[in-house]
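Architecture at a glance
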Amino acid sequence: MSKVFVIDTDKRPLNPIHSAQARQLLRNGKAAVFRSFPFTLILKELCSKTVLPLRLKIDPGAKHTGIALINDASGEVVFAAELKHRGFAIRDALTSRRQLRRFRRARITRYRKPRFLNRTRPLGWLAPSLQSRIENIKTWVKKLSKIAHVVAISQELVRFDMQLMANPDIQGREYQQGTLAGYETREYLLEKWDRQCAYCGVKDVPFQVEHIHPQAKGGSNSITNLALSCEKCNTKKGTKDIKDFLKKDPSKLEKILKQAKRPLADAAAVNTTRFVLLEVLKATGLPVETGSGGLTKFNRSQQKLAKTHWIDAACVGQLTPILNIKGVKPLLITANGHGTRQSCRTDKYGFPNRHCSRTKFHFGFQTGDIVKSVVKTGKKVGEYIGRIATRTTGSFNISTRNGLVQGISYKTCKTIHKKDGYGYSS
């Protein structure tokens, strides 16, 4: 099972413990809940024990990042999480704001003047949608380092080893034709061709790497000349040129040729942020090990593990022991942001139509806190746990798993977890 984090009276990390031990410490009054997500106890008495070192492994992605804490000596996965980023939400919000401002300028109404030429982007600037991913991961590295004895970090630096695919002899013949042969290329093609046959579109079948222009007729081994094909289509095509094979379907022919030449833009963008992330991780002062996505897949395949974000994270890097993942349940984390700085809400034309409260806290609570409310009288008798939306009147809304509950008094609410910009589930 996933372990429970423990810190001592000076807030220094101790060895994570089993959930049964945690319950016993709480029953005996020897510990108290320090944080709910991830669940952490703080001891009430001094404790001197040898603390085992842990390795933090990270598998960054465009939408989700896998996180795992590993005991390198035993291979035990102590903690696992999947972090969902809000990069696309940030992009859409910036696009919406830009469109509203341009629309108001076109109508010659009151607007903010364009400021296109008075801002210089600093060296290493990233778009806000990409920078948010870096900040999310940085935040969780800091959080976990405070409650666990992290001594090293492993990061999947690049999804695909582009240089290796372009130049097979970059690290010698043994590297290219050894146990890792084909993993980089195959993983790249799976992403590029959307994990389906390029010719018939079938999914969830064994795929073969196929030459678009056959080698028998002068086709090269370049990555731009490779595609994924099911066995049936590959056999049917044989050594035919693609123009002859698809002469009755010119639209599909054009689509495949266009797709073959197009670089994997998403992978390029992710690779850009990962090098920035590498510098952020190095700034922690901990040793950082890196590996490629092909190596991650190789490690996972060797141990016959399922493909999930957190398992991918546990398989990152050369230093991957035989993993013990029995009973591990990942914490699902969603980046929600810290609200908005808008002074008012607007309609679709950009005109203000709703008021925004200037006060963040009401009766000691703020929107986004996770609370527990026990209502004993009235129409809403029951126990509710979820995120709250505060009002100046003291009548709050609680978003529970079963839906929205309105009109809950602040007097019945008890804070479980203060708002930190993230949502949690398991």
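Residues numbered from 1 in each chain as written. Predicted model: local features only at pLDDT ≥ 70, side-chain atom pairs only at ≥ 80, totals over all residues. Heavy atoms only, no water.

Quick look at the overall build of the protein
Assigned secondary structure in the protein consists of 12 helices and 21 strands. Expressed as lengths along the three principal axes of its C-alpha atoms, the size of the protein is roughly 80 × 70 × 45 Å. Within the span of the protein, comprising 426 residues, buried residues form 40% of the whole. Within the protein, contacts between residues at least 6 apart in sequence are counted, and of these 61% link residues at least 24 apart. Surface exposure of the protein reaches about 25,000 Å², of which carbon and sulfur atoms provide 53%. The centroid of the 77 positive side-chain charges in the protein is displaced by 12 Å from the centroid of its 32 negative side-chain charges. (Helix = DSSP H or I, 4+ residues; strand = E, 2+ residues; numbered from the N terminus. Buried < 20%, exposed > 50% of the residue type's maximum accessible area, 1.4 Å probe, protein only. Contact = heavy atoms within 4.5 Å. Areas by Shrake-Rupley, 256 points an atom, 1.4 Å probe, with all protein chains shown as cover. Lys, Arg positive; Asp, Glu negative; His and termini not counted. Charge placed at Lys NZ, Arg CZ, Asp CG, Glu CD.)

A word on the packing of aromatic side chains
In the structure shown here, the tally under the stated rule is 7 aromatic pairs. With 5.4 Å between their ring centres and 55° between their planes, Phe5 and Phe79 make a pair best called tilted. A residue pair is termed long-range when its members are at least 10 positions apart, and Phe5 in strand β1 (residues 5-7) and Phe79 in strand β6 (residues 77-84) qualify at 74 residues. As far as burial versus exposure is concerned, Phe5 and Phe79 are alike and both buried. With centroids separated by 4.7 Å and ring planes inclined at 5°, the aromatic side chains of Phe37 and Tyr424 adopt a geometry described as stacked. (Phe/Tyr/Trp six-rings, centres within 6.5 Å; stacked < 30°, edge-to-face > 60°.)

What about the sheet that holds strand β21 (residues 422-425)?
The mixed open sheet is built from 7 strands, whose spatial order is β10-β7-β4-β5-β6-β11-β21. Both edges of this open sheet fall to β10 (288-292) and β21, since each of them pairs with a single strand only. Each strand of the sheet is rotated relative to its neighbour by a mean of 20°, with strand direction disregarded. With 7 bridges connecting them, strand β5 (residues 64-70) and β6 associate as antiparallel partners. Considered in β6, the bridge of Leu69 is made with Phe79. Here helix α11 (residues 293-302) sits on the sheet and contacts β7 (150-158) and β10; the angle it forms with β10, its principal contact strand, is near 85°. (Pairing = 2+ DSSP bridges. Axes fitted to C-alpha atoms, helices over the stretch in contact; angles between N-to-C directions.)

Observations concerning the nonpolar core
In this structure, Leu56, Leu69, Trp140, Leu144 and Ile333 are the most contacted members of the largest nonpolar core, which totals 30 residues. Looking at this core, the element that brings in the most residues is helix α3 (residues 128-147), giving 6 residues. Core analysis: the second largest hydrophobic core is formed by 21 residues, Leu189, Tyr199, Ile223 and Ile256 among them. (Core = buried A, V, L, I, M, F, W, Y, C linked by side-chain atoms within 4.5 Å.)

A few points about α3
In this model α3 runs 29 Å from its N-terminal to its C-terminal C-alpha over 20 residues, within 8% of the 28 Å that 1.5 Å per residue would give. Those residues of α3 that sit buried are Ser129, Ser132, Arg133, Ile134, Asn136, Ile137, Trp140, Val141, Lys143, Leu144 and Ile147. (Expected span 1.5 Å × (residues − 1).)

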